[in-house]
Amino acid sequence: NAGVMQNPRHLVRRRGQEARLRCSPMKGHSHVYWYRQLPEEGLKFMVYLQKENIIDESGMPKERFSAEFPKEGPSILRIQQVVRGDSAAYFCASSPGPDTIYFGEGSWLTVV
Amino acid sequence: SQQGEEDPQALSIQEGENATMNCSYKTSINNLQWYRQNSGRGLVHLILIRSNEREKHSGRLRVTLDTSKKSSSLLITASRAADTASYFCASRDQAGTALIFGKGTTLSVSS
């Protein structure tokens, strides 16, 4: 049973470009979460999705960031017009229910 | 908002010693979880303790929960160099939907 798969693992974008991060949850998991981690800091919750629905986006910046989890295919975290402050590790996690969540290995975004 | 706060922020010990990390949280919870993160990697779930439990063991890990003090502790016994990592507590408040993490304790075990 494959774990949570994230790609790309590393992404470099110039300021003003778009970044798209993909996450395939574990088989049988219908809950997906995105977190952001800045250097030397903990994880900051961004958004919680179920298939075709955003359940909680209270941690998402109001502009430039969006997330989706379509009926078919991976969950996508999209960052438009990236700025240097967006440089961080973005972690996706999935769960079959409300308790334990399982993390992917992360996508490291560097904005130059 | 941050649900959990770990203490200490950093801990350095020798192999064979025990390591204790503490976590305080703000609101009533259904359960509290501990995760581990090696440098440059994703988080790995270690143990979950429910609000009606006071203590739980898993191998060399012992977790306690004191809901009256809103605190938890993670004890790693007989530490090894391979235990070097950051450790995070996480919980949902009873009305919340997402798991909220503290800033973590960075543990360094030297041989």
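Going by the structure above, here's the rest.
The shown structure was predicted, so the numbers you read here are calculated from the model rather than taken from an experiment.

Notes on the sheet that holds strand β1 (residues 5-7) of chain A
All names here are of chain A.
- The strand order across the open sheet built from 4 strands is β1-β3-β8-β7, with neighbouring strands paired in antiparallel fashion. Where the open sheet ends on each side, the last strands, each with one partner, are β1 and β7 (65-68). Averaged over all adjacent pairs, the angle separating strand axes in this sheet is 15°, with direction ignored.
- When β1 meets strand β3 (residues 19-24), the two strands line up antiparallel, connected through 3 bridges. Across the sheet, the residue bridging to N7 is R22, located in β3.

Some thoughts on the state of the cysteines
All names here are of chain A.
- Tallied over the entire structure, the rule returns 2 disulfides over all chains.
- Put simply, C23 and C92 are joined by a disulfide, and their sulfur atoms are 1.8 Å apart. Measuring the twist about the S-S bond at about -60°, one finds the C23-C92 disulfide to be left-handed. You can see C23 sitting in strand β3 and its partner C92 sitting in strand β9 (residues 88-95), a full 69 residues away along the chain.
- For C92, a relative accessible area of 0% corresponds to the buried category.

Comments concerning the pairing of strand β7 (residues 61-66) of chain B
All names here are of chain B.
- Pairing of strand β6 (residues 55-58) with β7, which is carried by 4 bridges, proceeds in the antiparallel orientation. Looking across to β7, one finds that H57 is bridged to R62.
- Taking the residues that link successive antiparallel strands as the turn, the β6-β7 hairpin has 2 residues, and the phi of G59 there is positive, at about 60°.
- Pairing of β7 with strand β8 (residues 71-76) involves 6 bridges; the strand directions are antiparallel. Residue R62 lies in a different strand from β8, and its bridge partner there is L75.
- Linkage of β7 to β8, two consecutive antiparallel strands, is achieved through a turn of 4 residues, within which K70 is found at a positive phi near 55°.

Let's talk about the interface of chain A and chain B
- Listed per partner, the contact involves 21 residues of chain A and 21 residues of chain B.
- Interface of chain A and chain B: buried area, both sides summed, is about 1600 Å²; carbon and sulfur atoms make up 50% of it.
- On the chain A side of the interface with chain B, the three residues burying the most area are L43(A), D99(A) and F103(A), jointly 29% of the side's total.
- In this structure, the connection of chain A to chain B is made through 2 salt bridges.
- One salt bridge connects R50(B) with D99(A), and the closest N-O pair in it is separated by 3.1 Å.

So, how was this worked out
- Residues numbered from 1 in each chain as written.
- Chains lettered and ligands numbered in written order.
- Predicted model: local features only at pLDDT ≥ 70, side-chain atom pairs only at ≥ 80, totals over all residues.
- Heavy atoms only, no water.
- Pairing = 2+ DSSP bridges.
- Helix = DSSP H or I, 4+ residues; strand = E, 2+ residues; numbered from the N terminus.
- Axes fitted to C-alpha atoms, helices over the stretch in contact; angles between N-to-C directions.
- Disulfide = S-S within 2.5 Å.
- Buried < 20%, exposed > 50% of the residue type's maximum accessible area, 1.4 Å probe, protein only.
- Contact = heavy atoms within 4.5 Å.
- Buried area = accessible area lost by both parts, 1.4 Å probe.
- Salt bridge = Lys/Arg side-chain N within 4 Å of Asp/Glu carboxyl O.

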